[in-house]
Amino acid sequence: MTILKILTIPDPRLKHKSSDIEVFNKELKKTVKDMYETLYASGNGIGLAAPQVDIRKRIVVIDLNEDGKSSPITFINPKIIKFSDEKFINQEGCLSVPEYYADVERAKEVEVEWFNDSGVKFKKKLSGLLSICIQHEIDHLDGVLFIDHLSTLKRKMAIQKIKKTKKNIGNNE
Ligand code: NI
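Worth saying up front: this structure is predicted, and the values here are computed from it rather than measured.

A. Region of interest: the pairing of strand S3 (residues 72–83). Bridging between strand S2 (residues 59–63) and S3 involves five bridges; their strand directions are antiparallel. Paired with Val 61 across the strands is Thr 74, a residue of S3. Across five bridges, S3 lies against strand S6 (residues 110–115) in antiparallel orientation. The partner of Lys 79 across the bridge, within S6, is Glu 113.

B. Structural detail: the packing of aromatic side chains. Inspection of every chain in the model, using the stated rule, returns five aromatic pairs. Ring geometry for Tyr 36 versus Tyr 40: centroids 5.9 Å apart, planes at 25 degrees, classification stacked. Of this pair, Tyr 36 and Tyr 40 both sit in helix H1 (residues 26–41), four residues apart, which is roughly one turn of that helix. Consider the rings of Trp 114 and Phe 122, whose centres lie 5.4 Å apart with planes at 10 degrees: the pair is stacked. Relative accessible area serves as the criterion here: at 5%, Trp 114 is assigned to the buried category. Through successive ring pairs, a cluster of aromatic residues spans Phe 75, Trp 114 and Phe 122.

C. Summary view of the coordination of the nickel ion. Taken together, Cys 94 (SG), His 136 (NE2) and His 140 (NE2) make up the full set of protein donors to the nickel ion, lying 2.1 to 2.2 Å away. Sequence spacing of the donor residues for the nickel ion, all on one chain, is C-x41-H-x3-H. Of this pair, Cys 94 sits in strand S4 (residues 87–94) while His 136 is found in helix H2 (residues 128–141), placing the two residues 42 residues apart along the sequence. A relative accessible area of 12% places Cys 94 in the buried class. Judged by relative accessible area, His 136 falls into the buried class, the value being 6%.

D. Quick look at H2. Its 14 residues give H2 an end-to-end C-alpha distance of 21 Å, which sits within 8% of 20 Å, the value for a rise of 1.5 Å per residue. Of all the 14 residues making up H2, twelve are buried; the element is thus mostly covered by neighbouring parts of the structure. For H2, the complete set of buried residues consists of Leu 130, Ser 131, Ile 132, Cys 133, Ile 134, Gln 135, His 136, Glu 137, Ile 138, Asp 139, His 140 and Leu 141. Residue Gly 143 follows H2 closely and has a positive phi angle near 75 degrees.

E. Representation of unusual backbone geometry within the structure. The step from Ile 9 to Pro 10 runs through a cis peptide bond, and the omega angle for that step is 5 degrees. Looking at where Pro 10 falls in the secondary structure, it is placed in the segment before H1. Phi is positive for Asp 54, close to 65 degrees, though the residue is something other than glycine. At Glu 99, a residue that is not glycine, the phi angle is positive and equals roughly 55 degrees. With respect to the helices and strands, the residue Glu 99 is situated in strand S5 (residues 97–107).

F. Representation of the pattern of salt bridges. Summed over the entire model, instances satisfying the criterion amount to eleven salt bridges. Here Asp 20 makes a salt bridge to Arg 58, at a shortest N to O gap of 4.0 Å. Here Arg 58 lies in the loop between strand S1 (47–49) and S2 and Asp 20 lies in the segment before H1, a separation of 38 residues in the sequence. Residue class for Arg 58 comes out buried when judged on its relative accessible area of 10%. Several salt bridges converge on common partners, so that one network encompasses Lys 17, Asp 20, Arg 58 and Asp 142.

Rules of the game
- Residues numbered from 1 in each chain as written.
- Predicted model: local features only at pLDDT ≥ 70, side-chain atom pairs only at ≥ 80, totals over all residues.
- Heavy atoms only, no water.
- Pairing = 2+ DSSP bridges.
- Helix = DSSP H or I, 4+ residues; strand = E, 2+ residues; numbered from the N terminus.
- Phe/Tyr/Trp six-rings, centres within 6.5 Å; stacked < 30°, edge-to-face > 60°.
- Buried < 20%, exposed > 50% of the residue type's maximum accessible area, 1.4 Å probe, protein only.
- Donors = N, O, S within 2.8 Å, 3.2 Å for Na, K, Ca; no water.
- Expected span 1.5 Å × (residues − 1).
- Salt bridge = Lys/Arg side-chain N within 4 Å of Asp/Glu carboxyl O.

So this is what it looks like as structure tokens:
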């Protein structure tokens, strides 16, 4: 397994739209394993989308790790087929937007269709933290970051803050 490098803003590669997985093969399973390894190595992440590690494919791994209990779910080609009218606001963060958190409004529940890495299809209604997380991760597959849901001013502040942090640690990528 390999720990992959996580892209951070303002890397333009985070803005691309990812394409569907068409073949469920060994290579896909290896990518999924590497993504979990990368997620767990991050220490505080609960979800990772493939474009965050420069793979332009519709793959998402989530492990909410609630009460210290690991519960990984792999979403291949996830698609939201229904958003609840009811919304809620929660604080979000992102491994590609380090050390920045902000309130984002999302649908409270979503009905999602997806495949696992063996090509088995699922369809479920997701709520709570899992609902927020899958909406956040599917956004990544479409080149959208959680800060894109904020006002222009707040978004600029987030980008400035992250640029400054990168400079301080001598990382000018
Ligand atoms: Ni994210």
